[in-house]
Amino acid sequence: MSSAAEAEGGGGGRERLFFALWPAPALQEALARLGRRLVRKGGRRLPPEAIHLTLVFLGPVDAARRACLERLAGEVLAPPFELLLDRAGAFPRARVVWVGPGVTPQPLARLEAALREAAARCGLETDTRPFVPHVTLARRAAPVPAGPLPEPVRWPVADFALVRSRLRPGGAGYEVLRRWPLRA
Ligand code: ATP
Ligand code: MG
């Protein structure tokens, strides 16, 4: 397999996909500013257009499974909600600095569970670790102490997205392929 094929998602016409919450551009800018305050030096801060919250990472997906995912995603029932990003934290081993909700809203948990089930029904294996909702703001960064954010960020969440990732030397490039409105 060529390294180009690998970067696209494992070769064989597969794409590297994930479900995510994708903030509006103004919110991405606000989160990028927050990232600059949290990580003042060192590390690789994400550019605003890359900032997101991963719901379910799918890995390499072929066309048939993608069609299955899109069909089941359209059937997901979870109401719109507000996400209050009120905590900062770090995954020190991964050298990631993030912000996230102190409390996971029920509709977010429901959405994540429904998409994980959809992935399984489409024959995809997903992460078995518990869902820890977070928005990565910097990679290869020294950890910040976990704690409440002085100015929490409100994120009105009205839809979710299927996103393609293309790995590149400077960091992944993401493309939102499709969005579905949240509905109960
Ligand atoms: P890079 O891998 O170049 O550092 P990235 O991790 O942002 O960039 P991807 O690996 O394509 O790009 O991941 C896309 C999203 O899915 C990111 O939010 C990433 O944190 C998340 N992710 C990647 N792998 C997994 C995994 N095995 N389990 C859960 N989430 C994952
Ligand atoms: Mg990665």
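Up top is the structure.
Residues numbered from 1 in each chain as written. Chains lettered and ligands numbered in written order. Predicted model: local features only at pLDDT ≥ 70, side-chain atom pairs only at ≥ 80, totals over all residues. Heavy atoms only, no water.

Student: Just give me the short version of the environment of Val-61, but keep the residues and values in it.
Tutor: By secondary structure assignment, the location of Val-61 is in strand 3 (residues 53-61). The sequence separation of Val-61 and Arg-154 amounts to 93 residues, and the corresponding C-alpha distance is 33 Å. Val-61 has contacts with Gly-13, Arg-14, Glu-15, Leu-17, Arg-66, Leu-69 and Leu-124, leaving out every residue within four places of it along the chain. (Helix = DSSP H or I, 4+ residues; strand = E, 2+ residues; numbered from the N terminus. Contact = heavy atoms within 4.5 Å.)

Student: Let's hear about the site of ligand 1: which residues, and what values?
Tutor: Around ligand 1, the neighbouring residues are Arg-16, Phe-18, His-52, Thr-54, Phe-57, Asp-127, Arg-129, Arg-139, Ser-165, Leu-167, Ala-172 and Tyr-174. One of the side-chain nitrogen or oxygen atoms of Asp-127 is found 2.9 Å away from a nitrogen atom of ligand 1. Here an oxygen atom of ligand 1 and a side-chain polar atom of Arg-139 are 2.7 Å apart. If ligand 1 stood free it would expose 590 Å²; the protein chains cover 68% of that surface. For the shell around ligand 1, the secondary structure elements donating two or more residues are strand 1 (15-21) and strand 3. The residue inventory of the shell around ligand 1, partitioned by class, reads five nonpolar, three polar and four charged. (Near = heavy atom within 4 Å. Polar contact = N/O pair within 3.5 Å; in protein donor to acceptor, adjacent residues only side chain to side chain. Areas by Shrake-Rupley, 256 points an atom, 1.4 Å probe, with all protein chains shown as cover. Nonpolar A, V, L, I, M, F, W, Y, C, P; charged D, E, K, R; others polar.)

Student: Account for the pattern of salt bridges, naming residues and giving values.
Tutor: Applying the stated criterion to the full structure yields eleven salt bridges. When the shortest N-O distance is used, the salt bridge between Arg-154 and Glu-82 registers 2.7 Å. One end of the pair, Arg-154, is in strand 7 (residues 147-157); the other, Glu-82, is in strand 4 (residues 81-91), and 72 residues separate them in sequence. We classify Arg-154 as exposed; its relative accessible area is 54%. (Salt bridge = Lys/Arg side-chain N within 4 Å of Asp/Glu carboxyl O. Buried < 20%, exposed > 50% of the residue type's maximum accessible area, 1.4 Å probe, protein only.)

Student: Lay out a positive patch on the surface in plain terms, naming residues and giving numbers.
Tutor: Side chains of Arg-33, Arg-36, Arg-37, Arg-40 and Arg-45 sit close together on the surface and give a patch of like positive charge. Considering each element in turn, the positive patch owes the most residues, three residues, to helix 2 (residues 25-38). The topology assignment puts Arg-36 in helix 2. Since its relative accessible area comes to 44%, Arg-36 is described here as partly exposed. (Patch = residues over 30% accessible without salt bridge, like charges linked within 9 Å, V, L, I, M, F, W, Y side chains within 5 Å. Lys, Arg positive; Asp, Glu negative; His and termini not counted. Charge placed at Lys NZ, Arg CZ, Asp CG, Glu CD.)

Student: Go over the packing of aromatic side chains with me, naming the residues and quoting the values.
Tutor: Enumeration over the complete set of coordinates arrives at six aromatic pairs. Measuring from ring centre to ring centre gives 5.8 Å for Trp-22 and Tyr-174, while their planes differ by 80°; the resulting arrangement is edge-to-face. Here Trp-22, found in the loop between strand 1 and helix 2, pairs with Tyr-174, found in strand 9 (residues 173-181); they are 152 residues apart in sequence, far enough to count as distant. Overall, the relative accessible area of 23% leaves Tyr-174 in the partly exposed class. Here the aromatic rings of Phe-91 and Trp-98 are separated by 5.4 Å at their centres, their planes lie at 45°, and the arrangement is tilted. (Phe/Tyr/Trp six-rings, centres within 6.5 Å; stacked < 30°, edge-to-face > 60°.)

Student: Explain the nonpolar core residue by residue, including any values.
Tutor: If you look at the biggest cluster of nonpolar residues, it comprises 48 residues, and the most contacted ones within it are Phe-19, Leu-21, Leu-31, Leu-55, Leu-58 and Phe-160. What Phe-160 contacts, discounting residues up to four positions off in sequence, is Phe-19, Ala-20, Leu-21, Leu-55, Ala-73, Val-76, Leu-111, Leu-115, Arg-178, Arg-179, Trp-180 and Leu-182. Counting residues in hydrophobic clusters, the runner-up holds five residues, among them Ala-20, Trp-22, Ala-161 and Val-163. (Core = buried A, V, L, I, M, F, W, Y, C linked by side-chain atoms within 4.5 Å.)

Student: Which residues make up the environment of Pro-181, and what values go with them?
Tutor: Here Pro-181 is to be found in strand 9. In sequence terms Pro-181 and Pro-150 are 31 residues apart; their C-alpha atoms lie 31 Å from each other. Not counting residues up to four positions away in its chain, the partners in contact with Pro-181 are Ala-158 and Asp-159.

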